[in-house]
Amino acid sequence: MILRKPFISLLLSCAALMLTSMSLNAQTGLRWEQVKIKFETGNPTLKADAINVQEMKAEEITAYLRPNPQLTLSTDGTQLTPYKGVWQPLVGTQYQSNFSYLHERDRKRELRLETAKEGTQIAGSQHEDLERNLLFNLRSVFVQTLQAKAVLQLARQELDYYDHIIDISRDRFKQGDLAQVDLDRIELQRVQYESDLQTSEVNLRTSKIQLLQLLNDKTPVDQFDVQGTFDFSDQLQPLATFRQIALDNRPDLRAALELAQQSITNHKLAIANGSTDPTFSAWYTYNPSFNNPYAHQTVGASVSIPLRIFDRNQGEKQRTQLDVGRNQQVEDAVRAQVFADVDSAHAQVNSNLILLRPYKDKYLTQASRVRDTITFSYQHGGASLLDFLNAQSDYRNVELAYLQLVGSYLTAASQLNLAVGREVTQ
């Protein structure tokens, strides 16, 4: 089959357009909001726990079910063997239907439904708490990926800068302005920059793999990327503000409050279960063998009342009463833990800010100025080789320390979000 040239050109244009589109998609990284949405919809641990909440919701139906009525069909009075030569088996046969129903008193059904609904609320709060902790892990890996990208960019810039220095040094060597041993020492120092670059690439790839695992995403690592602002905010609200936000939003504290309320309901249910439930019965009998020869169809009724002399549910009443006190203590412990988490995270964020401010205001500029000055001086013979190498190392250390501090700040900010129960810092 021979294809015309215009058709071939059209195919090539479409292919180029598709490749360009794929390249743009691969280069566009996911922002934090997009990563969070993918996590909430795709993480298997979170989805499995959400099913548990639905199961607790279904238990509300079971809790509110009424007792099933009992229907009994019986027959009696059928003659089995002849008597005095007479055998009429069905003449005296009785047919009886019995209907009985257990009546639950003291709002047992309502209390069962109430405690089941409270169990659903607890499961929902615990699900939110699981999501809170998993989101912290996700955010930490996301920050780790951004930090790895920043360190990789720094390593590439440092290598490019140092290659430029090597080119200048080689020109000086050719002109006789630099000794062979000094040129060798400069070129040997490049190994450190190459090592930093390779380590940064491995760290970035590892962070992306961890992020893909949390997202349950099968995208190849080379086609996956994230983007975001790798910087810090100098504003930090007072500690009291974060404490109040935590009291209003922490799902584990809410679960503890709901558990304490459920224990009270369970105690009420235990008291109700200690009450007597009568069973009402009614029956219909056809052809009974009563004294009344005309009573071929009869009805009857009865009420069965258990005498709760020995078993009045004493053990469950005492257990649930103790459980009320225990859950109140658990609530106090969780509340104390909330305050401790917020105070610790707030202190860590504030500590990182104290360290970051002088870096941004002074240290980064000083390190760059010192490096450029020593480099210029060395190129013109005004500084020794050792001064030049030390200036390069100091600049790299300051830049790397700054990136690590920014990463520590973002991780501490995520810890503060975890402590208060929602995103309050970026």
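In what follows, the structure referred to is the one given above.
Residues numbered from 1 in each chain as written. Predicted model: local features only at pLDDT ≥ 70, side-chain atom pairs only at ≥ 80, totals over all residues. Heavy atoms only, no water.

K.L.:
How should the overall build of the chain be read in this particular structure?
P.N.:
What the chain contains, in helices and strands, is 10 helices and 4 strands. When the helices and strands of the chain are listed from N to C terminus, the series reads α-α-α-β-β-α-α-α-α-α-β-β-α-α. Relative to the compact-globule value of 22 Å for 426 residues, the chain shows a C-alpha radius of gyration of 40 Å, a clear excess of over 25%. Taken along the three principal axes of its C-alpha coordinates, the chain extends 145 × 75 × 35 Å. (Helix = DSSP H or I, 4+ residues; strand = E, 2+ residues; numbered from the N terminus. Rg over C-alpha atoms; globule rule 2.2 N^0.38 Å.)

K.L.:
Help me understand the pairing of strand β2 (residues 94-102) in this model?
P.N.:
As a general feature of sheets, a regular strand has side chains that alternate between the two faces. In terms of strand pairing, strand β1 (residues 70-76) meets β2 through 7 bridges, oriented antiparallel. Its bridge partner being in β2, Asp76 is matched across the sheet by Gln94. Across 8 bridges, β2 lies against strand β3 (residues 279-286) in antiparallel orientation. Opposite Phe99, over in β3, you have Ala282 as the bridge partner. (Pairing = 2+ DSSP bridges.)

K.L.:
Help me understand the side chain of Ser207 in this model?
P.N.:
For Ser207, the location among the structural elements is in helix α6 (residues 190-215). For Ser207, a relative accessible area of 1% translates into the label buried. Discounting chain neighbours no more than four positions away, the residues touching Ser207 are Val141, Gln144, Thr145 and Ala148. (Buried < 20%, exposed > 50% of the residue type's maximum accessible area, 1.4 Å probe, protein only. Contact = heavy atoms within 4.5 Å.)

K.L.:
Please clarify how the environment of Pro220 should be interpreted in this entry.
P.N.:
Checked against the element boundaries, Pro220 lands in the loop between α6 and α7 (239-249). Expressed as a C-alpha distance, the spacing of Pro220 and Lys208, which sit 12 residues apart in the sequence, is 9.8 Å.

K.L.:
Would you mind showing me how to read a nonpolar patch on the surface here?
P.N.:
Residues Leu90, Tyr95, Tyr284, Tyr286 and Val299 make up a contiguous nonpolar surface patch of about 540 Å² in total accessible area. Residue Leu90 is classed as exposed on the basis of its relative accessible area, which comes to 59%. (Patch = residues over 30% accessible without salt bridge, like charges linked within 9 Å, V, L, I, M, F, W, Y side chains within 5 Å. Areas by Shrake-Rupley, 256 points an atom, 1.4 Å probe, with all protein chains shown as cover. Salt bridge = Lys/Arg side-chain N within 4 Å of Asp/Glu carboxyl O.)

K.L.:
Help me understand the pattern of salt bridges, please; the structure alone is not making it clear to me.
P.N.:
Where charged atoms from two side chains of opposite charge come close, those side chains can pair. Under the criterion given, the structure shown has 27 salt bridges. Between Arg250 and Asp252 there is a salt bridge; the shortest N-O distance is 2.8 Å. You can call Arg250 buried: its relative accessible area is 2%. We note a salt bridge from Arg308 to Asp311, for which the minimum N-O separation is 3.9 Å. Among the residues examined, Arg308 registers a relative accessible area of 25% and is labelled partly exposed. Shared partners join several salt bridges into a network, and the residues in it are Asp129, Arg132, Arg250, Asp252 and Asp341.

K.L.:
What should I look at first to understand the side chain of Asn43 in this one?
P.N.:
Along the chain, Asn43 falls in the loop between α2 (32-42) and α3 (44-63). Of the polar contacts made by the side chain of Asn43, one reaches the backbone nitrogen of Leu46; its length is 3.0 Å. Discounting residues that sit within four places of it in the chain, Asn43 has contacts with Lys38, Leu134 and Leu214. (Polar contact = N/O pair within 3.5 Å; in protein donor to acceptor, adjacent residues only side chain to side chain.)

K.L.:
Before we go on, may I ask you to explain helix α4 (residues 108-174) in this structure?
P.N.:
Along an α-helix, a turn takes 3.6 residues, which lines up residues three or four apart on a common side. Its 67 residues place the ends of α4 98 Å apart at the C-alpha level, agreeing with the 99 Å of an ideal helix rising 1.5 Å per residue. Looking one or two residues past α4, Gly176 carries a phi angle of roughly 80 degrees, positive in sign. (Expected span 1.5 Å × (residues − 1).)

K.L.:
Any chance you could explain the packing of aromatic side chains here in plain terms?
P.N.:
In this description, an aromatic ring pair is defined by two values, namely the gap between the centres and the angle between the planes. All chains considered together, the criterion is met by 7 aromatic pairs. Ring centres of Phe232 and Tyr409 lie 6.0 Å apart, and the angle between their planes is 75 degrees; this geometry places the pair in the edge-to-face category. On the criterion of sequence distance, the pair formed by Phe232 in the loop between α6 and α7 and Tyr409 in helix α10 (residues 385-420) is long-range, its members being 177 residues apart. Classification of Tyr409 as buried rests on a relative accessible area of 2%. Their ring planes at 15 degrees and their centres at 4.9 Å tell us that Tyr378 and Phe388 sit as a pair that is stacked. Here Phe388 lies in helix α10 and Tyr378 lies in helix α9 (residues 314-379), a separation of 10 residues in the sequence. For the pair shown, Tyr378 and Phe388 are each scored as buried. Of the aromatic side chains, those joined through ring pairs into one cluster are Tyr359, Tyr363 and Tyr402. (Phe/Tyr/Trp six-rings, centres within 6.5 Å; stacked < 30°, edge-to-face > 60°.)

Any functional reading would require information beyond the geometric quantities listed.
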